[in-house]
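# Structural description and commentary
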There are 2 protein chains.
Amino acid sequence: MASSKWQRFQDYFLQYDDIGFSLDISRMRFRANFLEEMAPRVEVAFRAMQALEGGALSNPDENRMVGHYWLRAPELAPNEQIEQQILETNARIKQFAADVHSGKIRPTKGETFRHVLLIGIGGSTLGPQFVCDALGSADAPLKLHFLDNTDPDGFDRVFAQFGTALAATLVVVISKSGGTKETRNGMVETEARFKAAGLDFRMHAVAVTGIDSELDRHAHKNGWLARFPMFDWIGGRTSVMSAVGLLPAALQGLDIDEFLEGAAAMDRQTRRPEVRRNAAILLALMWHYAGNGRGEKDMVILPYKDRLMLFSRYLQQLVMESLGKERDLDGNLVHQGIAVYGNKGSTDQHAYVQQLRDGVPNFFATFIEVQKDRATERFEVEEGVTSGDYLQGFLRGTRTALDQNDRESITISIAAVNAFTVGALIALYERAVGFYGALVHINAYHQPGVEAGKKAATEILALQRRLKQQLPARPGRSAEELAATVGADAEDVYHVLRHLAANDVAIGWASGSLPGRDKFFRT
Amino acid sequence: MASSKWQRFQDYFLQYDDIGFSLDISRMRFRANFLEEMAPRVEVAFRAMQALEGGALSNPDENRMVGHYWLRAPELAPNEQIEQQILETNARIKQFAADVHSGKIRPTKGETFRHVLLIGIGGSTLGPQFVCDALGSADAPLKLHFLDNTDPDGFDRVFAQFGTALAATLVVVISKSGGTKETRNGMVETEARFKAAGLDFRMHAVAVTGIDSELDRHAHKNGWLARFPMFDWIGGRTSVMSAVGLLPAALQGLDIDEFLEGAAAMDRQTRRPEVRRNAAILLALMWHYAGNGRGEKDMVILPYKDRLMLFSRYLQQLVMESLGKERDLDGNLVHQGIAVYGNKGSTDQHAYVQQLRDGVPNFFATFIEVQKDRATERFEVEEGVTSGDYLQGFLRGTRTALDQNDRESITISIAAVNAFTVGALIALYERAVGFYGALVHINAYHQPGVEAGKKAATEILALQRRLKQQLPARPGRSAEELAATVGADAEDVYHVLRHLAANDVAIGWASGSLPGRDKFFRT
């Protein structure tokens, strides 16, 4: 047994009684003067955050304000117009959900909507998926489903679950730019399903999108049921408290005021420029300490609660997309970031705690404890002991076992999983990520690295079009020959044609024993 | 655009026509003589694998054979007894599933079983969860549900989905040792639900467990519907082709012969000691190259297919529990392992490809391509282009974008997602993990590091019992005072009592402003 760390635990234990939240950083082994040493950078981070909340153009690349904190405190918005936009949108969301629940807004065939099909990807779905899984219940007025990719079989699979319920399904299409291809494809396939079922899609369809985006115009032109705005001062990964997250939450019957209020309460606590009382800056500092400010350690997220299992997926985007940057604010190459993974305890103990305890020490863990075990009656699995006591025991036991082997951990505790605490958790990490960005001097609010892959994908699709035109009849030609014809790389040609041959009866493929000897042809 | 790598692609491209599988390691930048340099270690790995498959005691710590390869090729088992055990068990599984489907085995109230509740954790659920998600369909004869933790609210949530369907639910309890507490707790809570619903649990219950384990004896004594064996030469993380995975698969109506045959086909290909024709050793060598044989790079798994999303969770256990080891076979401290994470493409592109492309270069990616887009009719989202063409485009585009920024990747391709190819994928990684263990000279078949956390958890629960006996009435005592009384660490006492106070009305807590000042008492 390690010697007692009771004193260190108390020294650094931070509780917010108004939120039912605590943060324990005592098992991170930073030296006594670490917080002092970091004071100058912390000062910078506090100032940057203050400027951001005040409406500065904190995303300099895109020349935009960054305003997710205003969503739960509209009175702090930098001008009255923004304040009114938030208040009006939230009021409209609540009214819309109430009208759907009451049957005032109803499907063309049937009494009430029973399902929501949310179509989006990335920041448009990760928040709603996390919130739905964390707070949803079997008796919700509407059940949520997702199309979050451009996988045709994935679409088929979701639609197979619906059957005749399509007639009672509200479709919410979410895309800030309105031009995201995965979302567009999901929408087009969904429209076709509705048509095939003899249903009037526009009477089932709602858009959440940037004002005057491609999707906004499409929805307007086609007379969709409703449109809700995504503000340009909100990024996808911090959009869960905009219409993106609030509309699906309200439709599910969740208390969105509590959700916003939990975030606002955490914001109030973590807005204060006092390091030792500020959970968000302490989190950011621990990340900095753990990875030497260079992301040298992965962040393993271990909530001991089934309902919080998707939190790590949510954080993958929030943390990695915000912090994974090539250059700092001065243009220096820095290759920043922190890798995030994890599912839930104690389940993950049976998957990879073996490596965490004994293996490569390239991580720090974040345990998330939920004090309240269940909403139903206490149930003992043996005399005096509940399943929840075991869950707590495994959390504490694993934290100790890691500490014994010099593996560091943070422990967060919340009173229960509800709209308020989930809002608070999200707000905590949003601010911690913002602070960390400032500590390592990067822009946490853009994502320049995602364009290259999209551009390359677009080139692949353009190549596919050219290839389909150029493809000869049997015996066909090799990838190399076709590459010369269409002016492309032979490897790209090869893969495009192999894929087409597997899916399009018009395209044939004769296997050689090597890619260079394979022939492709029109059938 | 990077210069063409068409030649390098062809040089290293490996296809198995009989499986519809290919492996592309051309975007890993190992030097030309790397494979040669590794030849002596590869030789050792081939020999170790041959010995293992021949029945050697390949888990030296536990003095056990390691026999998962025999499950799909019983004729290779080291003796006839094992061969017969496998054949008999598989035949019994198929008969049992057929009897359930036909209604010959039926619930006490109702015609046929419609649901399976699988209770297990770690190796007892990760395989069935992956297989169910990858191969399941909406019209399966039985629908699978899981209890895979000891979270009371998690139990409540699953049971809330059942409602009256509990009467048509078959319960499969899976635990090799038969003593896993999470699984025991799930079982006890489930028994109570059946009792409350007036259902005879034993007529719904099936055990998959080690012969004569605690669970085996419990099931036998109580006259459960059936028992299926877990062999002591099978580890949890490689048990998906034993009754652990086959029984749930068969109940869902999946073709378990195809599943086994896919694995057998991959085994035949990867058993051959020819490096350039052996996908499993090539994978292991790439992992070694990427992380310098010390796990310096995380393994990011990106299947571009919704159905394969849980593969990374499955691999977390297979890879991290197998390879995350403190000591090598000679007892030297090595802290080995490879961290694994990932969900699915192109969805993850919108979450963290920003970091993969621009951020900390602490990973290598594994793309998994599925050639066949969908089982239903081709559907174009724009002229000549399908959702699947986009999916393929995003995969190729992201692979290119990563390569442009010196981020390395492996690409695996399978023809379609079906029982055969999923079996083959699992077999590939099982053998790659075995090879890698030999390359870095560790025991890949034990998990000594998981005991410490369980032991510490047991101590926490024992402490809880002592504290409940010692707790005084109001005004109560502090954690420190109680710690002195019961002989425990004050921090453990504090957390146990905070948790009890949140869940047990018999335990009270008065908040001080510091943990040391909080008081705990009987109410």
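Reading guide: rules and limits
Residues numbered from 1 in each chain as written. Chains lettered and ligands numbered in written order. Predicted model: local features only at pLDDT ≥ 70, side-chain atom pairs only at ≥ 80, totals over all residues. Heavy atoms only, no water. Pairing = 2+ DSSP bridges. Helix = DSSP H or I, 4+ residues; strand = E, 2+ residues; numbered from the N terminus. Axes fitted to C-alpha atoms, helices over the stretch in contact; angles between N-to-C directions. Contact = heavy atoms within 4.5 Å. Domains from an automatic or database assignment. Buried area = accessible area lost by both parts, 1.4 Å probe. Salt bridge = Lys/Arg side-chain N within 4 Å of Asp/Glu carboxyl O. Polar contact = N/O pair within 3.5 Å; in protein donor to acceptor, adjacent residues only side chain to side chain. Buried < 20%, exposed > 50% of the residue type's maximum accessible area, 1.4 Å probe, protein only. Lys, Arg positive; Asp, Glu negative; His and termini not counted. Phe/Tyr/Trp six-rings, centres within 6.5 Å; stacked < 30°, edge-to-face > 60°. Parallel < 35°, antiparallel > 145°, perpendicular 65-115°, else oblique. Left-handed = near helix turned anticlockwise from the far one by under 90°. Nonpolar A, V, L, I, M, F, W, Y, C, P; charged D, E, K, R; others polar. pLDDT = per-residue confidence, 0-100. Expected span 1.5 Å × (residues − 1). Least-squares fit on C-alpha atoms with pLDDT ≥ 70 in both. Core = buried A, V, L, I, M, F, W, Y, C linked by side-chain atoms within 4.5 Å.

## Some details on the sheet that holds strand β5 (residues 169-175) of chain A
Residues and elements named next belong to chain A. Within the open sheet, the 5 strands sit side by side as β4-β3-β5-β6-β7. Their pairing is parallel. Bordering the open sheet on either side are β4 (143-147) and β7 (226-230), each of which pairs with just one other strand. Neighbour-to-neighbour, the strand axes of this sheet turn through a mean angle of 20 degrees, independent of strand direction. With 5 bridges connecting them, strand β3 (residues 115-119) and β4 associate as parallel partners. For V116, the partnering residue across the bridge sits in β4 and is L144. On top of the sheet, helix α6 (residues 152-162) reaches β3, β4 and β5; it is set at about 160 degrees to β4, its chief contact.

## Notes on the domain arrangement of chain A
Domain assignment breaks chain A into domain 1 (4-63 + 272-444), domain 2 (68-254) and domain 3 (449-522). The distance between the C-alpha centroids of domain 1 of chain A and domain 3 of chain A comes to 46 Å.

## Considering the interface of chain A and chain B
Listed as interface residues are 140 residues of chain A and, on the opposing side, 140 residues of chain B. Surface buried jointly by chain A and chain B totals about 12,200 Å² across both partners, of which 51% is contributed by carbon and sulfur atoms. Along the contact surface separating chain A from chain B lie 22 salt bridges. Linking chain A with chain B are 98 residue pairs in polar contact (both at pLDDT 80 or more), by the criterion used here. Looking at the side of chain A that touches chain B element by element, the count peaks at 14 residues for helix α14 (residues 387-404) of chain A.

## Quick notes on the side chain of E182(A)
One can find E182(A) in helix α7 (residues 181-196). Lacking a salt bridge, the buried E182(A) has K454(A) as its closest oppositely charged neighbour, with an N-O distance of 6.8 Å. The residues touching E182(A), leaving out its near neighbours within four places in the chain, are I121(A), N149(A), T150(A), F155(A), S346(B), H350(B) and F394(B).

## A closer look at the pattern of salt bridges
All names here are of chain B. Counting across every chain of the model gives 75 salt bridges over all chains. Measuring nitrogen to oxygen at the nearest pair gives 2.5 Å for the salt bridge that ties R193 to D156. A residue pair is termed long-range when its members are at least 10 positions apart, and R193 in helix α7 (residues 181-196) and D156 in helix α6 (residues 152-162) qualify at 37 residues. For D156, a relative accessible area of 11% translates into the label buried. Taking the shortest distance from any N to any O, the salt bridge between E369 and R396 comes out at 3.1 Å.

## Points about helix α9 (residues 243-251) of chain A
Residues and elements named next belong to chain A. Among the 9 residues in α9, 9 count as buried, and that is most of the element. Of all the residues in α9, the buried ones are A243, V244, G245, L246, L247, P248, A249, A250 and L251. Backbone geometry just after α9 places G253 at a positive phi near 85 degrees.

## Concerning the packing of aromatic side chains
According to the stated counting rule, one finds 55 aromatic pairs over all chains in the structure shown. For the ring pair F311(B) and Y314(B), a centre distance of 6.5 Å and an interplane angle of 10 degrees mean the geometry is stacked. Of this pair, F311(B) and Y314(B) both sit in helix α12 (residues 311-323), 3 residues apart, which is roughly one turn of the helix. The two residues F311(B) and Y314(B) agree in class, both being buried. Taken together, the ring pairs in this structure connect F130(A), W287(A), F311(A), Y314(A), Y429(A) and Y436(A) into an aromatic cluster.

## Focus on the packing of helix α11 (residues 279-290) of chain B against helix α15 (residues 419-439) of chain B
Residues and elements named next belong to chain B. α15 packs onto α11 with a crossing angle of 50 degrees between their chain directions and a minimal axis gap of 8 Å. Looking at the two axes, α11 sits oblique to α15. The two elements α11 and α15 cross, and the hand of that crossing is right-handed. Across the interface between the two elements, A279, A280, I281, L283, A284, L285, W287 and H288 of α11 pack against L428, Y429, R431, A432, V433, F435, Y436 and L439 of α15. Considered class by class, the residues forming the contact of α11 with α15 number 14 nonpolar, 1 polar and 1 charged.

## Focus on the confidence of the model for chain A
Taken as a whole, chain A shows an average pLDDT of 96; of its residues, 99% reach a score of 70 or greater. Overall fold confidence for the complex sits at a pTM of 0.98, while the interface term, ipTM, reaches 0.98.

## Things to note about helix α16 (residues 451-470) of chain B
A rise of 1.5 Å per residue sets the reference length of α16(B), with its 20 residues, at 28 Å; its end C-alpha atoms lie 29 Å apart and thus fit the reference within 8%. Of the residues making up α16(B), those classed as buried are A452(B), G453(B), A456(B), A457(B), I460(B), L461(B), L463(B), Q464(B) and L467(B). Of the surrounding secondary structure, the elements contacted by the buried residues of α16(B) are α13 (349-358), β12 (385-386) and α14 of chain A together with α17 (479-486) and α18 (490-503) of chain B.

## Regarding the sheet that holds strand β2 (residues 21-24) of chain A
Residue and element names in this part refer to chain A. Read from one edge of the open sheet, 6 strands run β1-β2-β13-β10-β8-β9, paired in mixed fashion. In this open sheet, the two edge strands, each paired with only one partner strand, are β1 (14-16) and β9 (340-341). The sheet strands contacting α13 are β8 (298-303), β9 and β10 (363-370), and the helix crosses β8 at an angle near 135 degrees.

## Details of the environment of T89(A)
All names here are of chain A. Among the secondary structure elements, T89 is positioned in helix α4 (residues 80-102). What makes T89 buried here is its relative accessible area of 7%. Spatially, the C-alpha atom of T89 lies 8.5 Å from that of S242, the residues being 153 residues apart in sequence. If we ignore the near neighbours within four places in the chain, the residues touching T89 are P229, F231 and A243. Looking at T89, its side chain comes within polar contact range of the main-chain oxygen of Q85, at 2.6 Å.

## Points about the relation of the copies chain A and chain B
When chain A is brought onto chain B, the operation consists of a screw motion whose angular component is 180 degrees and whose axial shift is 0.0 Å, with 0.0 Å RMSD remaining. Such a combination of turn and shift is consistent with a two-fold rotation axis. It is Y341(A) whose C-alpha, among those of chain A, lies nearest the rotation axis, at 3.1 Å. Both copies share a contact surface, since 100% of the interface residues of chain A are interface residues in chain B too.

## Brief notes about unusual backbone geometry
At the junction of G345(B) and S346(B), the peptide bond is cis and its omega measures out at 0 degrees in the coordinates. You can see S346(B) is positioned in the loop between β9 (340-341) and α13 (349-358). You will see that N292(A), though not glycine, has its phi angle at about 55 degrees, which is positive. Within the secondary structure layout, N292(A) lies in the loop between α11 (279-290) and β8. Exposure remark for N292(A): the relative accessible area of 44% places this residue in the partly exposed category.

## Quick word on the packing of helix α5 (residues 126-135) of chain A against helix α12 (residues 311-323) of chain A
The geometry of a pair of packed helices is captured by two quantities: the angle between their axes and the separation between those axes. Residues and elements named next belong to chain A. Where α5 meets α12, the axes come as close as 9 Å, and the angle between the chain directions of the two elements is 160 degrees. For the element pair α5 / α12, the angle class is roughly antiparallel. Regarding α5 and α12, the two cross each other, and that crossing is left-handed. For the pair α5 and α12, the contacting residues are L126, G127, Q129 and F130 in the first and F311, R313, Y314 and Q317 in the second. Looking at the contact of α5 with α12 residue by residue, the class counts come to 4 nonpolar, 3 polar and 1 charged.

## Topic: the side chain of R313(A)
In this structure, R313(A) sits in helix α12. Of the side chains bearing the opposite charge, D148(A) lies closest to the buried R313(A), which forms no salt bridge; the N-O distance is 4.3 Å. In this structure R313(A) touches L126(A), Q129(A), D148(A), M309(B), N343(B), T347(B) and D348(B), once residues within four positions along its chain are discounted.

## Quick word on the nonpolar core
Judged by nonpolar contacts, the single largest core of 280 residues is most densely connected at W287(A) and W287(B). Once residues within four sequence positions are removed from consideration, W287(A) is found in contact with M299(A), I338(A), F364(A), I410(A), Y429(A), A432(A), V433(A) and Y436(A). One finds L117(A), V171(A), F201(A) and A219(A) within the second-largest nonpolar core, a separate group that totals 21 residues.

## Brief notes about the environment of R272(B)
All names here are of chain B. Locating R272 in the fold gives a position in the loop between α10 (256-271) and α11. Note on R272: relative accessible area 32%, which makes it partly exposed. R272 sits 236 residues away from E36 along the chain, and the two C-alpha atoms are 17 Å apart. Leaving out residues up to four positions away in the same chain, R272 has contacts with F46, R277 and N278.

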